[in-house]
Amino acid sequence: MPAAVTSAGSEVGHPPAGPEVPLLNIANVLTMVRIAIVPVFLWALFADGGHDTNWRIVAFLLFAGAAVTDRVDGQLARKYGLVTDFGKLADPIADKALIGAALVGLSALGDLSWWVTIVIAVRELGITALRFSVLRHGVIPASRGGKLKTLVQAFAIGFYILPLPAGLAVVSTTLMGIAVALTVITGIDYVVQSIRLRAHVRAPQLRRS
């Protein structure tokens, strides 16, 4: 479980951060590109009624390309020391925008049950709101479990987007089931992190009072 970052700029249980990282860097640019791809992906997904084979392949390629940037920007940020508070917030928001758009689109087309989209959407919106609610205390970075959840969601959605034979439907359903389980489990983990962050920030205040 990653350490939360306090408003003073240092991680809980870790030494203070090094020199300030410029906001405009390749990792953050890739994150913004991923957000920009979302409306283009939706346009391709709904083109010609939403079930044209060629357009579904185009939609898949756009979705897959955006999903790949999620892996690349994180690796670049860690490798070259480009981690910023903006990136810690924008990266999961970009993930949620892409995943959310795909889920709503697939449900609107009748390819995915609405309850799946609702469960995932409620969790994602709730965690985003939670992140902002504790922002004055610090930033809760994306955890490894959260990244795994996003990866499994992406694979499951990719199977739903592609015009695959009916025999592979069980693969799509199984992957989506795992994704939903990870979504709920990691959501609980983020709630625990937020509680610990608040407790860490309030402890010195209570000692001084």
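Residues numbered from 1 in each chain as written. Predicted model: local features only at pLDDT ≥ 70, side-chain atom pairs only at ≥ 80, totals over all residues. Heavy atoms only, no water.

Asker: Before we go on, may I ask you to explain helix α4 (residues 114–133) in this structure?
Answerer: Side chains three or four residues apart in an α-helix point the same way, a direct result of the helix having 3.6 residues per turn. In this model α4 runs 28 Å from its N-terminal to its C-terminal C-alpha over 20 residues, within 8% of the 28 Å that 1.5 Å per residue would give. Regarding α4, the residues found buried are V116, T117, I120, R123, E124, I127, T128, L130 and R131. (Helix = DSSP H or I, 4+ residues; strand = E, 2+ residues; numbered from the N terminus. Expected span 1.5 Å × (residues − 1). Buried < 20%, exposed > 50% of the residue type's maximum accessible area, 1.4 Å probe, protein only.)

Asker: I keep staring at the side chain of Q153 and nothing clicks. Help me out?
Answerer: Looking at the element boundaries, Q153 is found in helix α5 (residues 144–161). Relative accessible area serves as the criterion here: at 1%, Q153 is assigned to the buried category. If near-sequence neighbours (up to four positions away) are discounted, Q153 is found in contact with I99, I120, E124, A179 and T183. (Contact = heavy atoms within 4.5 Å.)

Asker: Explain the packing of helix α2 (residues 53–79) against α5 to me, please; I cannot follow it from the model alone.
Answerer: When two helices pack together, their arrangement is captured by the angle between the axes and the distance separating the axes. Between α2 and α5, the least distance of the axes is 10 Å, while the angle of their chain directions is 170°. Taken together, the axis directions place α2 and α5 in an arrangement best described as roughly antiparallel. Packed against α2, whose contacting residues are R56, A59, F60, F63, A67 and D70, the element α5 presents K147, T150, A154, I157, G158, Y160 and I161 at the interface. Broken down by class, the residue content of the contact of α2 with α5 amounts to eight nonpolar, two polar and three charged. (Axes fitted to C-alpha atoms, helices over the stretch in contact; angles between N-to-C directions. Parallel < 35°, antiparallel > 145°, perpendicular 65-115°, else oblique. Nonpolar A, V, L, I, M, F, W, Y, C, P; charged D, E, K, R; others polar.)

Asker: When you look at the confidence of the model for the chain in this model, what are you seeing that I'm missing?
Answerer: Detailed reading of the predicted coordinates is not advisable wherever pLDDT is low. Considering every residue of the chain, the mean pLDDT works out to 80; 78% of them sit at 70 or more. The secondary structure element of the chain with the lowest average pLDDT is strand β1 (residues 5–6), at 46, and the one with the highest is helix α1 (residues 26–46), at 90. Every residue in residues 1–17 scores below 50 in pLDDT, and together they form 35 contacts with partners more than four places removed in sequence or on other chains. (pLDDT = per-residue confidence, 0-100.)

Asker: Teacher, can you tell me more about the environment of A47 here?
Answerer: Along the chain, A47 turns up in the loop between α1 and α2. Using a relative accessible area of 12% as the deciding quantity, one classes A47 as buried. A sequence separation of 11 residues divides A47 from V58, and the C-alpha atoms of the two residues are 10.0 Å apart.

Asker: What should I look at first to understand the nonpolar core in this one?
Answerer: Considering soluble globular proteins, one finds that nonpolar side chains tend to be buried as a cluster. In terms of nonpolar packing, the biggest core is built from 28 residues, with F63, I157, I161 and M176 touching the most fellow members. Put simply, the parts of the chain that give this core at least two residues each are α1, α2, α3 (85–108), α4, α5 and α6 (169–208). Among residues more than four places away in sequence, those in contact with M176 are L103, L112, V116, I120, A156, I157 and Y160. (Core = buried A, V, L, I, M, F, W, Y, C linked by side-chain atoms within 4.5 Å.)

Asker: How should the environment of F63 be read in this particular structure?
Answerer: Mapping F63 onto the fold places it in helix α2. On the basis of relative accessible area, F63 is assigned to the buried category, the value being 2%. The spacing of F63 and I37 is 26 residues in sequence and 8.0 Å in space, taken between C-alpha atoms. Residues contacting F63, with those up to four places away along its chain left out, are F41, L98, I99, A102, A154, I157, G158 and I161.

Asker: Would you mind going over the side chain of R56 with me for this structure?
Answerer: Among the structural elements, R56 can be located in helix α2. Beyond its immediate chain neighbours, meaning those up to four positions away, R56 contacts L45, G50, H51, L106, L109, D111, Y160, I161 and P163.

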